[in-house]
Structures are given as structure tokens and as C-alpha cells.
Amino acid sequence: RTNLVQATFVDCDLSQANFAGAHLNEANFMRCKFNETQLPHLDLRNVNFIECDLSHANFSHTHFTQINCVNSQLNQTNLSGAQFKETSLLDSSLKGANLCDTVHFRTNFINVDFADVQLDRALLELVFFQNAVFTDYKFQVVQFKICQFRESKLQRCDFSQCDLHQCGFMEAELESAIFTKA
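Here's a quick rundown of the structure. (Residues numbered from 1 in each chain as written. Predicted model: local features only at pLDDT ≥ 70, side-chain atom pairs only at ≥ 80, totals over all residues. Heavy atoms only, no water.)

Right, let's get into the overall build of the chain. Secondary structure assignment for the chain yields 0 helices and 16 strands. For 182 residues, the compact-globule formula gives about 16 Å, and the C-alpha radius of gyration of the chain, at 16 Å, lands near that figure. Taking the principal axes of the C-alpha coordinates as reference, the chain spans close to 50 × 25 × 20 Å. By the burial criterion, 43% of the 182 residues in the chain qualify as buried. A sequence separation of at least 24 residues applies to 0% of the contacts in the chain between residues at least 6 apart. Split by element, the accessible area of the chain, about 8600 Å² in all, is 43% carbon and sulfur. Each charge class in the chain was averaged separately, 14 positive and 21 negative side chains, and the resulting centres sit 5 Å apart. (Helix = DSSP H or I, 4+ residues; strand = E, 2+ residues; numbered from the N terminus. Rg over C-alpha atoms; globule rule 2.2 N^0.38 Å. Buried < 20%, exposed > 50% of the residue type's maximum accessible area, 1.4 Å probe, protein only. Contact = heavy atoms within 4.5 Å. Areas by Shrake-Rupley, 256 points an atom, 1.4 Å probe, with all protein chains shown as cover. Lys, Arg positive; Asp, Glu negative; His and termini not counted. Charge placed at Lys NZ, Arg CZ, Asp CG, Glu CD.)

This is the structure in C-alpha cells:
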């Protein structure tokens, strides 16, 4: 296994690179491009992605612990089966990302665009959403436990197949949202 602990990558094109099995703990990525990069089944701890383009990357079944992703694009990224613990996404986009079968614990999503994201069968516990955009989204068997939605856009969202246990909505836009099964 390649040891890249505390490595720093600045302005690098890592497109189609294969990091499978690499040790990337405490690594820093700044303004890097990860188009179609392979990062599956990793255990990432204390890693920073700053102003990175992670679109179309494969992070399936990766464990993210204390990860910061700031001003980054994760559009069409495969995150299926991933686990997120004490992770923050700030000023980023997850448009079209696959987050099916993911687990989120103490995760913050601040100013994140979730347009066309796939979140089926996800478990989110102690998750904080601020200025998150989920407009016209149908949540499929998603469990929200003690989650907060602050100043988020949830218009026309269908929560009828969700568990929203002890969740709070503050200054959220919930026009035409569905909370009951037809």
C-alpha cells in the first residue's frame, strides 16, 4: 500500500489516477482535479479538499472521518456505500452525486447544492444542513435522526417515505412539501 500520509497536492491534475488501497490520512488537496479518479474502499481521516473538482470520482464504500471539503465540486461523484463521520462540506456542489446506502454521523452541509443527488436508503444522524438545496426531490427510504435544516430550500420535496425523528426546520422553504403517504 502506498503511504501518502500528510502529503500535500497543489494544482495537480489527478484525473483517472488510482488511489485504491493508498494511505491518505492527513493529506491536503488544493485546487486539484479528480475527474474519474479511483478512490474506493479507503479509510480517509483528517483530509482536506480545498477548491477541488472531484466530479465523476469514485469514492464508493470509502470511510470519511473529519474530512473538510471546501468550495469543491463533487458533481456526478460515486459515494455509494460511503460512511461520513464528523465531516463538513462547505460552499460545494453534489449535483447528480450517488449517495445511496450512505451513513452520515455529525456531518455538516453548508451552502451545498444537492440537485439530482441520489440519496436512497441513507441514514443521517446529527446532520446539519444550512442553505442546502433539495428542490423537487423525492427521498426514498431515508432516515433522518436529530437533523437540522436551516434556511434550506426544500420546495416540492417528498418526505413521505422517510423517518424524520427529532428533526428541526428553521427558516426553511417547504412550499408544497409532502410529509404523508397518499
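This part takes up the environment of Val47. Turning to its location among the elements, Val47 is positioned in the loop between β3 (43-45) and β4 (48-50). Residues Val47 and Gln66, spaced 19 residues apart in sequence, show a C-alpha to C-alpha distance of 7.2 Å.

With parallel pairing, 9 strands are arranged side by side in an open sheet as β1-β2-β4-β6-β8-β10-β12-β14-β16. Edge positions in the sheet fall to β1 (8-10) and β16 (168-170), since each has one partner strand and no second. Pairwise comparison of adjacent strand axes, ignoring direction, gives a mean angle of 10 degrees for this sheet. As paired strands, strand β12 (residues 128-130) and strand β14 (residues 148-150) are joined by 3 bridges and run parallel to one another. When the bridges of β14 are listed, Phe129 appears paired with Phe149. (Pairing = 2+ DSSP bridges. Axes fitted to C-alpha atoms, helices over the stretch in contact; angles between N-to-C directions.)

Taken together, 7 strands build an open sheet; the order of strands is β3-β5-β7-β9-β11-β13-β15 and the sheet is parallel. Unpaired on one side and paired on the other, β3 and β15 (158-165) mark the two borders of the sheet. Going from strand to strand, the sheet's axes swing by 10 degrees on average, the running direction of each strand aside. Where strand β11 (residues 123-125) meets strand β13 (residues 138-145), 3 bridges bridge the pair, whose relative direction is parallel. Note on β13: the bridge partner recorded for Leu124 is Phe144.

Residue placement: Thr102 occurs in the loop between β8 (88-93) and β9 (103-105). By relative accessible area, which is 1% here, Thr102 ends up buried. Within the structure, Thr102 has its side chain in polar contact with the backbone oxygen of Leu99 (distance 2.7 Å). Among the polar contacts listed, one links the side chain of Thr102 to the side chain of His104, at a separation of 2.9 Å. Leaving out residues up to four positions away in the same chain, Thr102 has contacts with Leu79, Ser80, Gly81, Ala82, Phe84, Leu119, Arg121, Ala122 and Leu123. (Polar contact = N/O pair within 3.5 Å; in protein donor to acceptor, adjacent residues only side chain to side chain.)

Once that is clear, we can look at the pattern of salt bridges. Enumeration over the complete set of coordinates arrives at 6 salt bridges. Notably, a salt bridge pairs Asp101 with Arg121, separated by 2.8 Å at the nearest N-O pair. Pair noted here: Asp101 is in the loop between β8 and β9 and Arg121 is in the loop between β10 (108-113) and β11, with a separation of 20 residues, a long-range link. With its nearest N and O atoms 2.6 Å apart, the salt bridge here joins Arg156 to Asp136. Here Arg156 is found in the loop between β14 and β15, whereas its partner Asp136 is found in the loop between β12 and β13, with 20 residues between them in sequence. Given the relative accessible area of 43%, Arg156 is considered partly exposed. (Salt bridge = Lys/Arg side-chain N within 4 Å of Asp/Glu carboxyl O.)

Take the environment of Leu94 next. Residue position: Leu94 is located in the loop between β8 and β9. Placed 16 residues apart in sequence, Leu94 and Asn78 show a C-alpha to C-alpha distance of 10 Å.

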